[in-house]
Amino acid sequence: MAEPALPVPSRRPGGELGELLTDLRVLVVDTGRVWWRLLPQVLVLYLLGWLGSQLALRLAVWAGDASAWLALVLFALNFVALLAALVLILRLVGRELGIASLIPAEESAGDGRDESISRLLAVTLLPFLGLYAAFGQVTEAADTLVTEQTVRYGVLGSTETVLGVLNDAATRHPGRLLLLVVGVYVLRRVVDALHERTGRQALGLLVAFIESFFILLVILGGIRLLQQARVWLEDRALWGWAAGVRDAVAGALARLAVDLPAVLAAVASFLEDQVWPVAWEVVSQPVIWLAVAALIYGSQVLSLAELWRRGQTYAERIPGAGVFARHRDKIAARRPGPPPQGIRRVATEAREAFLGDLDDKYLPTFHSLRLILRAGLVFLGSFVLVYAVLDSVTNYAETALHQLLGGHTVDFWLVWGPWVDLAGVLPFEPLRLCLLAVAFRRCLELFQQRSAAAGPVLPVGVDRGAPSGRGAGVRVRRSRLVALLTALACVTVAAAGLRASESGPEHDLVRARLGVPATTQDGEVTVDDVRIATSLARDGSVTDTTPGLFVVVRVRAAATGPAEQVLTDSRLLADGDRVYTPYDTATARAAPGFVESVDHVFEVDPGGLSDLTLEVWRDEIVHGYQQRVQVHLGITAANAAAWRTAGAGQVVEPDRNGTTQVLP
Amino acid sequence: MSAAGPAPALGTVATPPSPVPPPPLPRRRAWLLLGVVALVVLVYLTGFSVWAHTYTSTRYTQLAPGAAGTRGGAEFRLLTLTRSAELADAGGGEPQVADAGATFVVAEVEVVRQVADEGFLCGVDLLGPGGRVWSATTVEVQRPVPSCRSTEVAVGRPTRFESVFLVPERYADQLVGAALTDNSGPGRSAVLRPPA
C-alpha cells in the first residue's frame, strides 16, 4: 500500500527569516524523509544506471580496437544509461511527493510522459544531455574514455584514440567532419520527425541516443574545428587590423595613465576567480538542475511554435507564475491543417529543422527556468544553500576517501577507479535527486499559496486591486529588499562553504625535513645539500648567470622496494603563492636496490628566499591522486639575508645527469 | 502543515483527479532487489579490477632452460647469462668496473624475426627476486658482441646481441632470467633462462 504523500507546510508568519527557516526545514526534512522512504528503489535505479554507463564505457574502449568511430557511437550509450536512471529516480520521487497532483490538468504536459517510461525518457533526455554538456560532464567522461584508450594502446601505440581520430579529422579533413556533424544533426531531426508522426517510443529513445552521439561529436570534434578556424582567422589581415585598433586604443588610454591590458586582465581575473565560481557553481548549477528536473514532472511550458502562432510575448501570455504552457497547443501548432505546398512547405520544413531543436530542447528548459526563478528570492536562496551544503559534504567525503586510500600511481587508479567513483557518488547522488524533487514541489506549493492569496487570475492589464498608497509601496519595496538581502546572505554562505570544501589537497603530500628520508610507495626520497649561487657551471666553465639567485637542491631517490623509484618533476613553492618551475630538467630514476641523486636548479627572486619549499613527484601523462614529497629548505625570514649574502657571486656546478649508488 | 493527499487548485484552475500511481514495491522486496543488484554491481567491480590488474601489471612466465620465447613476431633464446665485477674492453682499453656493491650481469641473446612486425623491439630486461626488474645499462667500453639495435635485425636471419645490466650484488645470486617484457596486452611475459 502506498504511503501517504509528505505533508505540505505553509508559509509561517515572521517575515523573510521565517520564510527562510520554513524553506530550509522543508528542503532538509522532506529530502531526508523521502530519501529514506525510497532508499532501496532509488539505489536500485541508480546502481543499474551506473552499471549501464560503466558497461557502455568498457564496450566503447574495446570497440576502439576495431574503430574509434564505433567507440564514439557506443560511448554515447554511457550517457543514455546514466541519465535514464536520473530521470526515473526523479519520476519515482515525484510520485512519492505527489507532485502531479499539484499541477493543474490543463497545465500538465499531456504527452503521455506519466503513463509511459519510454515516453518520459524520450522527451526529457535531450535537455539532460544539454545540461551535462554545459556543466562539462560530457567532456569529463570523454576524457575517461581517452585515458583508458591511451593506457590500453600506450602513449606511443599505433592505434588511435577517439580524440586522435577526431583531431585528425578536424585538422586534415575539416570538411568531412563538418559534413558528419551536419549529417548526424539532420538524421536526428528526421528520426525525431518520424517519432512525432508515428509516436513509436523506440524512435524516441533512438533520438536520445543520436543526440548523445551528436553532442559528443560536437564537443570533441567541433572544438577542434573552431580552433582550426581561429588559427585561420589569426592569419588574416583582418585580425591584424583588429590588433592594430586595439593597440591604438591602448596607446590612447596609456596617455591618460590607463594601462588597458592590465585593466582588462584585472577585470578578467576578478570575473574568473570571484564572480564566475559564485554565479556558475553556487547559483546557476542548482537552479538549472532544478529547472531541468521540473521537465520530468510535466511542467511543459510555452514553445516557440506557440509564440509564433499567438504573436504574443511570454509576459503577455502569462500573468502569473502558476500558469504553464500547454503541450497540446504545441502539438496542434505543428499540425497546421492542409499540407503546405511548394516554397511554403520548404519554409515550414526548414523552420522545423532549425528551430525545432530549439523548440524541443532549449525553450522548454528556458521557460522552466523562468518558472523556477519566479518561486521567490528567499526560496531560491534556501535551495542554493541546501544544495551547496550537499555539494560540500560530497567534496569533503571525496577528500576523506582520497586521504584514506593515499596517493598512488595511475595503475592503482585504473584498477580501483570504478570502486572509488561509485563510493563517491552513491551516498550523495540519490540525496541530490531527492532534493531536486522536494524543491520543485516546494516551488509549486509557493505558487499555490501565492495564487490563493492573490485571488483569481485576471486578464492582462486589469488591476488586481492590490494594496495601494505610498505606505503599501514602501512596505513592498522593503520586503523585496529584505528578501534580496536574505537570498544574498544564503548565496554568500553557500559560496564560502563550497569554496572551503573544494580546498582539499589535490595530492597526497608527504612532508619531510631537510636531510630526513620521506617514505613513499616506491621507496624513499631525501632532499638535502641546499646551495645558493648567482652562476651555474658545466665542466668547470660558467654557463649561466642570473641577476637573481640560483637555488640548487640535491634530491636522492632510493628504490628500497621491488619497484623503481622515479622522480621526474619538481617545483619550488615560495611565500605568497609564488611558484618557481625548474631552471633545468632533472630526472631521477633509481632501479631496485639503487639510489640516484640529481640536482634540481631554480632561478628565484632574491627578495623571496624565505620559507622555500621543494615539491618533487613522478609526473604521469595520466594520473589520479598521487604522492608528492614536500621539504622545507630551511631558509627562514631570520636567516634569508645570510643566505643571500652567502650566495652572492658564488658559482655552483650542479649534478644534472645524476649519480647512481647501490643502497647499503 | 497541510494534510497529505490531493492538493487544492492552483489559482482559479480546478485540480483534476490525479492518476492513481501503481502500488510501490513492498519495502522488503525492494531491499531484496537492491541486494541482488548490489551483488551484480559487486561482481562487475571485482571482475573489472581483476581484469584491469592483469592488464596494468606485468606478469611473467619462466620458460625451461634454453627454451625460446616469442614477442612481437620474433623468437628469442638466451644463450648465456654471466655476472662479472668488470667489463673487458674488446678494443684493448681499461675495463669498466662496477660500482661498489654492484655487479654486471651480461645476457647474450639470439633473436630471429619471423615477421616484419612494426612493434618489434629486441631489448630484454633482467628479472630478479620479488618482481625486481632491471633495464639494460649503457656500457662505456667496446664489447665483442654488439648491443641490441631493433632496426638492424633482419627478418629470418638469426642475430646475436648482448644486454648488460648493473645489479646490486645481494641480488646477483637470485636472478630469474632475461624477461621479454610485453605491456601491450594482458598476457604474461616470457622469462628466458640459459641452457642447463
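1. Topic: the overall build of chain A
Part 1 of the argument: Each helix and strand counted, chain A has 19 helices and 13 strands in total.
Part 2 of the argument: Expressed as a percentage of its 664 residues, the buried residues of chain A come to 49%.
Part 3 of the argument: Across chain A, the fraction of contacts at a sequence separation of at least 24, relative to all contacts at a separation of at least 6, is 78%.
Part 4 of the argument: Counting only carbon and sulfur atoms, one obtains 61% of the accessible surface of chain A, whose full area is about 30900 Å².

2. A short note on the sheet that holds strand S7 (residues 125-127) of chain B
Strand pairing within a sheet occurs via backbone hydrogen bonds; the two strands may be parallel or antiparallel.
All names here are of chain B.
Part 1 of the argument: Spatial ordering of the open sheet is given by S1-S11-S10-S7-S8, a layout of 5 strands whose pairing is mixed. Two strands lie at the open edges of the sheet, namely strand S1 (60-65) and strand S8 (133-134), each paired on one side alone.
Part 2 of the argument: Note: strand S10 (residues 177-179) against strand S11 (residues 189-193), 2 bridges, orientation antiparallel. Along S11, the bridge assignment pairs Ala178 with Leu192.

3. Digging into the sheet that holds strand S10 (residues 613-617) of chain A
Part 1 of the argument: If you trace the 5 strands from one edge of the open sheet to the other, you get S1-S11-S10-S6-S7 (chain A), paired in mixed fashion. At either end of the open sheet lies a strand with only one pairing partner, and these are strand S1 (508-512) and strand S7 (579-580) of chain A.

4. Quick notes on helix H16 (residues 410-425) of chain A
All names here are of chain A.
Part 1 of the argument: Under the 1.5 Å per step criterion, the end-to-end length of H16 is 21 Å for 16 residues, consistent within 8% with the ideal 22 Å.
Part 2 of the argument: Taken as a whole, H16 carries its principal kink of about 65 degrees at Trp416; the proline Pro418 stands between one and four residues after it.
Part 3 of the argument: By the burial criterion, the buried members of H16 are Val410, Trp413, Leu414, Val415, Pro418, Val420 and Leu422.

5. Description of the packing of aromatic side chains
Part 1 of the argument: Under the defined criterion, the tally for this structure stands at 14 aromatic pairs over all chains.
Part 2 of the argument: Pairing Trp36 of chain A with Trp31 of chain B gives two aromatic rings, centres 6.4 Å apart and planes at 55 degrees, and the pair type is tilted. Remark: Trp31 of chain B occurs in helix H1 (residues 27-56) and Trp36 of chain A occurs in helix H1 (residues 15-37); the pair is interchain, linking two chains.
Part 3 of the argument: Against the face of Trp289 of chain A rests Arg432 of chain A, its NZ or CZ located 4.2 Å from the ring centre.
Part 4 of the argument: When the ring centre of Trp36 of chain A is taken as origin, the NZ or CZ atom of Arg27 of chain B, which lies over that ring, is 5.0 Å away.

6. Side note on the environment of Asp273 of chain A
Part 1 of the argument: Tracing the backbone shows Asp273 of chain A in helix H10 (residues 260-296).
Part 2 of the argument: Linking Asp273 of chain A and Asp235 of chain A, residues 38 residues apart in sequence, is a C-alpha distance of 31 Å.

7. Observations concerning the pairing of strand S11 (residues 627-632) of chain A
Residues and elements named next belong to chain A.
Part 1 of the argument: Of all 6 residues in S11, 5 are buried, a share of seventy percent or more.
Part 2 of the argument: Across 5 bridges, the pairing between S1 and S11 is parallel. Within S11, the residue paired with Leu509 across the bridge is Arg628.
Part 3 of the argument: Here S10 pairs with S11 via 4 bridges, running antiparallel. Paired with Thr613 across the two strands is His632, which belongs to S11.

8. So, the confidence of the model for chain A
Reading fine detail from the predicted coordinates is not recommended where pLDDT is low.
Residue and element names in this part refer to chain A.
Part 1 of the argument: Of the residues in chain A, 77% reach a pLDDT of 70 or more, and the chain-wide mean stands at 79.
Part 2 of the argument: Counted against residues more than four places away or in other chains, residues 299-340, with its pLDDT under 50, gives 87 contacts.
Part 3 of the argument: Counted against residues more than four places away or in other chains, residues 457-466, with its pLDDT under 50, gives 9 contacts.

9. Brief notes about the side chain of Glu162 of chain B
Residues and elements named next belong to chain B.
Part 1 of the argument: Summarising the element assignment, Glu162 is placed in strand S9 (residues 159-168).
Part 2 of the argument: On the accessibility criterion, Glu162 (6% relative accessible area) is buried.
Part 3 of the argument: A polar contact is formed between the side chain of Glu162 and the side chain of Arg143, at a distance of 2.6 Å.
Part 4 of the argument: Not counting residues up to four positions away in its chain, the partners in contact with Glu162 are Val106, Ala107, Glu108, Arg143, Val145, Pro146, Ser147 and Cys148.

10. Details of the confidence of the model for chain B
Residues and elements named next belong to chain B.
Part 1 of the argument: Residue-level pLDDT values for chain B average 84, and 86% of them are 70 or greater.
Part 2 of the argument: With pLDDT under 50 throughout, residues 1-18 is counted as low confidence; its partners more than four residues away or in other chains account for 39 contacts.
Part 3 of the argument: Taken together, the chains of this predicted complex give a pTM of 0.78 and an interface ipTM of 0.80.

11. Brief notes about a nonpolar patch on the surface
Part 1 of the argument: A contiguous nonpolar surface patch, about 410 Å² in accessible area, is contributed by Leu178, Val182, Val186, Val190 and Leu194 of chain A.
Part 2 of the argument: Take Leu194 of chain A: its relative accessible area is 42%, and that puts it in the partly exposed class.

12. What to know about the pattern of salt bridges
Residues and elements named next belong to chain A.
Part 1 of the argument: If you walk through the whole model with that rule in mind, you get 21 salt bridges over all chains.
Part 2 of the argument: The partner of Arg441 in a salt bridge is Glu445, and the shortest N-O contact between them spans 2.9 Å. One end of the pair is Arg441 and the other is Glu445, both in helix H17 (residues 429-454) and 4 residues apart, which spans about a single turn.
Part 3 of the argument: We classify Glu445 as buried; its relative accessible area is 0%.

About the cut-offs
Residues numbered from 1 in each chain as written. Chains lettered and ligands numbered in written order. Predicted model: local features only at pLDDT ≥ 70, side-chain atom pairs only at ≥ 80, totals over all residues. Heavy atoms only, no water. Helix = DSSP H or I, 4+ residues; strand = E, 2+ residues; numbered from the N terminus. Buried < 20%, exposed > 50% of the residue type's maximum accessible area, 1.4 Å probe, protein only. Contact = heavy atoms within 4.5 Å. Areas by Shrake-Rupley, 256 points an atom, 1.4 Å probe, with all protein chains shown as cover. Pairing = 2+ DSSP bridges. Expected span 1.5 Å × (residues − 1). Bend = angle between axes of the 7 residues up to and from the residue. Phe/Tyr/Trp six-rings, centres within 6.5 Å; stacked < 30°, edge-to-face > 60°. Lys NZ or Arg CZ within 6 Å of the ring centre and 35° of its normal. pLDDT = per-residue confidence, 0-100. Polar contact = N/O pair within 3.5 Å; in protein donor to acceptor, adjacent residues only side chain to side chain. Patch = residues over 30% accessible without salt bridge, like charges linked within 9 Å, V, L, I, M, F, W, Y side chains within 5 Å. Salt bridge = Lys/Arg side-chain N within 4 Å of Asp/Glu carboxyl O.

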